Amino acid sequence: MGKALLGFTMDAFSPVPPAWAESATHALQFCCPRCGASTAQAQAVWINRRTPVYTPNHRRKWQEFYHCGECQTPWWAWNSDRPPTPGLSDEHGEADEDEDV
Ligand SMILES: [Zn+2]
């Protein structure tokens, strides 16, 4: 581990957007639009929970920002576009839990 991480913290729920998120581009697939790396390869994540958008079927969606760890491209996508994690819960499908205020 030669390089310092510059005090990097995985502060995904910080109210303040990180600098890298400001130049993020909207990814239509839920992966890096430049190199195709998955969110698992992101070096940082920020979730914009402050300004959720209400969808026509009364569900909230919000932007999830990812800073690609492969090509350093910042990108974002709607959390509602996130594909279900394979193998996690076949039975339950998408849990409709609302971890609320
Ligand atoms: Zn990338």
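Residues numbered from 1 in each chain as written. Predicted model: local features only at pLDDT ≥ 70, side-chain atom pairs only at ≥ 80, totals over all residues.

Peer 1: When you look at the overall build of the chain in this model, what are you seeing that I'm missing?
Peer 2: For the chain, the helix and strand inventory stands at 0 helices and 4 strands. Starting at the N terminus and ending at the C terminus, the chain contains elements arranged as β-β-β-β. Within the chain, buried positions represent 15% of all 101 residues. (Helix = DSSP H or I, 4+ residues; strand = E, 2+ residues; numbered from the N terminus. Buried ≥ 20, exposed ≤ 12 C-beta atoms within 10 Å, placed from the backbone.)

Peer 1: Got a minute to help me understand unusual backbone geometry in this structure?
Peer 2: One non-glycine residue, His58, adopts positive backbone phi at about 60 degrees. Looking at where His58 falls in the secondary structure, it is placed in the loop between strand 2 (42-54) and strand 3 (60-68). Positive phi is not limited to glycine here, since Gln72 has a value of about 65 degrees. Residue position: Gln72 is located in the loop between strand 3 and strand 4 (74-78).

Peer 1: Would you mind going over the pairing of strand 2 with me for this structure?
Peer 2: Successive side chains on a regular strand alternate, one facing one side of the sheet and the next facing the other. Where strand 2 meets strand 3, 8 bridges bridge the pair, whose relative direction is antiparallel. Directly across from Ile47, in strand 3, lies its bridge partner Glu64. Count of turn residues in the strand 2/strand 3 antiparallel hairpin: 5 residues, of which His58 carries a positive phi of about 60 degrees. (Pairing = 2+ DSSP bridges.)

Peer 1: Please explain the environment of Leu28 as it appears in this structure.
Peer 2: Position of Leu28 relative to the elements: it lies in the loop between strand 1 (25-26) and strand 2. Residue classification places Leu28 among the exposed positions, given that 11 C-beta atoms sit within 10 Å. Sequence separation between Leu28 and Trp78 is 50 residues, and the spatial gap between their C-alpha atoms is 8.8 Å.

Peer 1: Would you mind going over the environment of Ala24 with me for this structure?
Peer 2: By the secondary structure assignment, Ala24 is in the segment before strand 1. Here Ala24 is in contact with Phe65, Pro74, Trp75 and Trp76, once residues within four sequence places are set aside. (Contact = placed C-beta atoms within 7 Å.)

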